[in-house]
Each structure stands twice: as C-alpha cells, then as structure tokens.
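# Commentary on secondary and tertiary structure
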Amino acid sequence: MSSYKESYLVAKQRFADLGIDTELAMQAMADLPVSMHCWQGDDVAGFEKSATALSGGIQATGNYPGKATNATELRADMDKAMSLIPGPKRVNLHALYLEADTAVERNEIEPRHFANWVDWAKKSQLALDFNPSYFSHPLSNEATLTHSNKEIRDYWIGHGQACRRISAYFGESLNNASVMNIWIPDGMKDIPVDRYAPRQRLVESLDEIISEKIDIKYHIDAVESKLFGIGAESYTAGSSEFYLGYAITRKTALCLDAGHFHPTEVISDKISAVIPYVERLLLHVSRPVRWDSDHVILLDDETQAIANEIIRHNLKNRVHIGLDFFDASINRIAAWVIGTRNMKKALLRALLEPTARLRQLEIDRDFTARLALLEEQKCLPWQAVWDEYCERNNVPVGEKWLTEVKQYENSILSKR
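Residues numbered from 1 in each chain as written. Predicted model: local features only at pLDDT ≥ 70, side-chain atom pairs only at ≥ 80, totals over all residues. Heavy atoms only, no water.

## What about the overall build of the protein?
In terms of helices and strands, the protein carries 14 helices and 12 strands. Taken over C-alpha atoms, the radius of gyration comes to 22 Å for the protein, in line with the 22 Å a tight globule of 416 residues would show. Along the first, second and third principal axes, the C-alpha atoms of the protein reach 65 × 55 × 40 Å. Within the protein, the proportion of its 416 residues that are buried is 54%. Relative to all contacts within the protein whose residues are 6 or more apart in sequence, the contacts with residues 24 or more apart total 80%. (Helix = DSSP H or I, 4+ residues; strand = E, 2+ residues; numbered from the N terminus. Rg over C-alpha atoms; globule rule 2.2 N^0.38 Å. Buried < 20%, exposed > 50% of the residue type's maximum accessible area, 1.4 Å probe, protein only. Contact = heavy atoms within 4.5 Å.)

## Let's talk about the pairing of strand S4 (residues 178-182)
Burial analysis of S4 places five of its five residues in the buried class, the great majority of the element. By the alternation rule, side chains of S4 split into Ser 178, Met 180 and Ile 182 and Val 179 and Asn 181, which are all buried. Inspection of the sheet shows S4 paired to strand S6 (residues 219-224) by five bridges, in the parallel sense. Across the sheet, the residue bridging to Ile 182 is Val 223, located in S6. (Pairing = 2+ DSSP bridges.)

## Here's the deal with the packing of aromatic side chains
Throughout the structure, instances matching the rule amount to 13 aromatic pairs. Between the aromatic rings of Phe 114 and Phe 170, the centroid separation amounts to 6.1 Å while the plane-to-plane angle is 80 degrees, which identifies the pairing as edge-to-face. With Phe 114 in the loop between strand S2 (89-94) and helix H4 (115-124) and Phe 170 in helix H5 (residues 150-174), this pair connects stretches of sequence that are 56 residues apart. Each ring, one from Tyr 155 and one from Trp 156, has its centre 5.1 Å from the other, and the planes form 85 degrees; the classification is edge-to-face. Given a relative accessible area of 0%, Trp 156 falls into the buried group. Members of the aromatic cluster, joined through ring pairs, are Phe 114, Phe 130, Tyr 169 and Phe 170. (Phe/Tyr/Trp six-rings, centres within 6.5 Å; stacked < 30°, edge-to-face > 60°.)

## Quick notes on the side chain of Glu 409
Looking at the secondary structure, you find Glu 409 in helix H14 (residues 401-411). Buried charge without a salt bridge: Glu 409, with Lys 406 as the nearest opposite-charge side chain at an N-O distance of 4.3 Å. In contact with Glu 409, other than residues within four places in its own chain, are Tyr 64, Asn 331 and Ser 414. (Lys, Arg positive; Asp, Glu negative; His and termini not counted. Salt bridge = Lys/Arg side-chain N within 4 Å of Asp/Glu carboxyl O.)

## So, unusual backbone geometry
Peptide bonds are, in most cases, trans, and in most cases residues other than glycine have a negative phi. Even without being glycine, Gln 125 reaches a positive phi, approximately 55 degrees. Of note, Gln 125 is situated in the loop between H4 and strand S3 (127-131).

## Thoughts on the UniProt feature "binding site: Mn(2+)" (unreviewed entry) in the protein
In the numbering used here, UniProt assigns the feature "binding site: Mn(2+)" (unreviewed entry) to His 260, Asp 292 and Asp 294. The greatest C-alpha distance among the residues just named is 9.9 Å, despite their covering 35 residues of sequence, which places them together in space. Relative to the elements of secondary structure, His 260 occurs in the loop between strand S8 (253-257) and helix H8 (267-274). Apart from residues no more than four positions distant in its own chain, His 260 is found in contact with Trp 183, Glu 224, Ser 225, Lys 226, Leu 227 and Asp 292. A polar contact of 3.3 Å, which involves the side chain of His 260, links it to the side chain of Glu 224. By secondary structure assignment, the location of Asp 294 is in strand S11 (residues 291-295). Discounting chain neighbours no more than four positions away, the residues touching Asp 294 are Ser 286, Arg 287, Asp 324, Phe 325 and Phe 326. (UniProt positions renumbered as here; feature names shortened; annotations may be inferred. Polar contact = N/O pair within 3.5 Å; in protein donor to acceptor, adjacent residues only side chain to side chain.)

## Points about the pairing of S11
In summary, the side chains of a regular strand alternate between the two faces of the sheet. Where strand S10 (residues 287-289) meets S11, two bridges bridge the pair, whose relative direction is antiparallel. Bridge pairing links Val 289 to Trp 291 in S11.

## Quick word on the environment of Leu 323
On the secondary structure map, Leu 323 appears in strand S12 (residues 319-323). A relative accessible area of 0% means that Leu 323 is categorised as buried. In the structure, Leu 323 is positioned 36 residues away from Arg 287 in sequence and 9.8 Å away in space, judged by C-alpha atoms.

## Observations concerning H8
Burial in H8 covers these residues: Ile 267, Ser 268, Lys 270, Ile 271 and Val 274. Across the axial projection of H8, the buried residues extend over an arc of 155 degrees, all falling on one side. (Arc of directions from axis to C-beta.)

## Examining the pattern of salt bridges
Counted according to the given criterion, the structure contains 23 salt bridges. Salt-bridge contacts for Arg 416 lead to Asp 77; the nearest nitrogen and oxygen are separated by 2.7 Å. Of this pair, Arg 416 sits in the segment after H14 while Asp 77 sits in helix H3 (residues 71-82), placing them 339 residues apart in sequence. Residue Arg 416 is classed as partly exposed on the basis of its relative accessible area of 33%. In this structure Asp 77 comes out as buried when scored by relative accessible area, which is 2%. A single salt-bridge network, built from bridges that share partners, covers Lys 5, Glu 23, Glu 388 and Arg 392.

Spelled out as structure tokens, the structure:
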C-alpha cells in the first residue's frame, strides 16, 4: 500500500469521526468545474492580425520566455496544464483569440473564427465560456459602449452582439451553456462633470446587445463591474452599483471579480449579499496586490472563503467559477496549474468542513465552540484527501507536477 493511500485511510477515519464522508466530498467535486482563462498563456495579447498594445486597464508584467504565439501553441499549453489538474475544467476565451487568415473587425467576428476551439473542446471533453474584448483596439482608447460618438458606440454594440452569437454557438456545439461576460474599461482619468450621461448610454448599449433572445440552455449573459483602471482612476461608468442594478432588472448573471473592489472589500462576503437578488453569479477568482493586479491565486483566506460560501449555501448550480490572472514573470503553464489547483483545493476543503455542526453551534449561540471548531478544523488532514483525489484523477500528487512543467519548458517552450 502506498504512503498516499495509508495517509488517506487515516484521514478518512478522522473526518468520519466528525460525520464527514470523504468519498462523497470527492464525488461532489465532479459538479464543480473551474473555468481556466486562456489569456494567462500569452499575456492577453490574442491572435488578431492587427493587434494593438494592451489598453483599458489591462497590463501583464514580466517577460518569461515561451509564451504562446498562436492558437495551436496556446491549446497545446492548456492541454499540458489541464493534464496536471484533477477534476472537471472549462476554458474561458476572449474574442481576440479568434483564428482567421486576414484581419477581421471585431463587430464582424463569427462562429467560424472559433471552429478550431470548438473542435478542440469536443476532443478534450471541455465546455467553453466567452468574453467580448473591449480593449486593445484603436476604437477603445477613449470609451466603448459609453462613447458619445454613436458610430463608435454602434461598433462596440455590434461586437457584443457578434460575441453572443459565438457564445451560443459554443453552447449548442458542446451541449453546455457558455457564460459570456461583458466588461468594459470606460471611465475618466480626472473628475467628470456628467457622471450620468455615460451610464445612460451604457444601459442603452447593453440593452441593445442582449435584445436578441437566446436560449439560456446555450448562452448566459453576465456583466462585470470595476472600481477603477489605468486611465480611469476617477470615474468608472460600470461600477458595482450600476451592474448590480442591471443584473437584477435584466436578469443577467452578475460577475464578481476579486480585484475589482476597494482593497478592504472581499467578494466572499458579497456572494450571500447579492444571491437573493440575482439568478446567477460568475466569479473571477484572482489575487489583487494593492490593486487589480491579477496575481496567481494562492490557497489563502479569501480563496478559501469564496469556496466556503459556494459550498455552505449549496450554490453550485447558481455560481460559475472562473479564474482571472495573468503573470508573465513566471512559467505560464505553472501559473495555470498553481492557480487552478488552489481553487480546487479550496473547494475540496470546503466540502470537508463540518458545516452542519458549525451551523448548529451558531444557531445555539455557542460562539465559543464555533470559534474553537473553526480553528481546529483548519488542521484536519485535508491534504491526504487531496492527494487521493489527484491520484484517482491520474494527475501528479504534491509538487511532482512541476517536474513535468520543467520538462515541457525545456522541450517546447524554450524553442519558441
């Protein structure tokens, strides 16, 4: 018997003593896919033939060698990363990751430009999510959906409409609804006089984008707020309050990004605050450092708290879990593996929590025992259950995955 198995059997009994079935916890992970973001693999550059420099508050820092330079390389890199991550995954694409022989205007992109992605997803048994790309474009320098120039605004409305059709194509082709998230960088560097007019235009633009009815079986609309961005330090049209109101009244999903709020705010606390009012939530799990800097997520208190909220309140059918970070200072495949495994570790740990007992202590107002158990359960042997979960999913246990990443770097990435 392997040492991993021996450790697991001890852990299994330890959790059983608390009324927790580790087998059921691992089985429950099958219903908790994590959507991996493609843009970690190439520093949010995309594959447009006329791509411009990053803009709109998007910034990837670092120059680690070996980034993907085309879609074939990116898919191969994601295949490698996913082979080292246990359990179900999804892949999240941005519109600028299309494949076309010639330049295509963003308001003219079509499903055919993503056919290779769908073929790959079918072979890999993956579902796809999608995002319009309202940045890194000459017409996004000042504003997009809030622009006072109707021609520019119409261009970006057309982009959103085109993206919804692509998202529905994903859902229909893969028989799994694609979540399409709308985020725009529109705002102002200095204090505006008229805060209202851009928001009026944003409502009208969004309404026009989502006017075409699409079966929710194939496509789900989501909207994402932000506190501020580079060049939009004083005013952001798509604020938290704006999109909360929009999601409630238009019945879209609401996206909560961990880096898009004040540094003292956390999205784990917001989940239960907004879920009574919105039908679905999309989470962009990231790690802000000082601001929305999108660092690789750690297995830290906030990541764990996010997972706990999903599991404690049985929100797996209403919350879609996506990742959003882009670190160009380290091996990009390792970044995917570290971040995604950490999210999945947090979900498994949440499933192993003695929640029923903790909830009863809270009902009984026994806050002393609640605090004691919350602290003691942090030291329970969840790692042995995670190792068993990895082994059953045929992925490396512990840090052994890093050896495979280094080998891939030496044989593939170093030659790019």
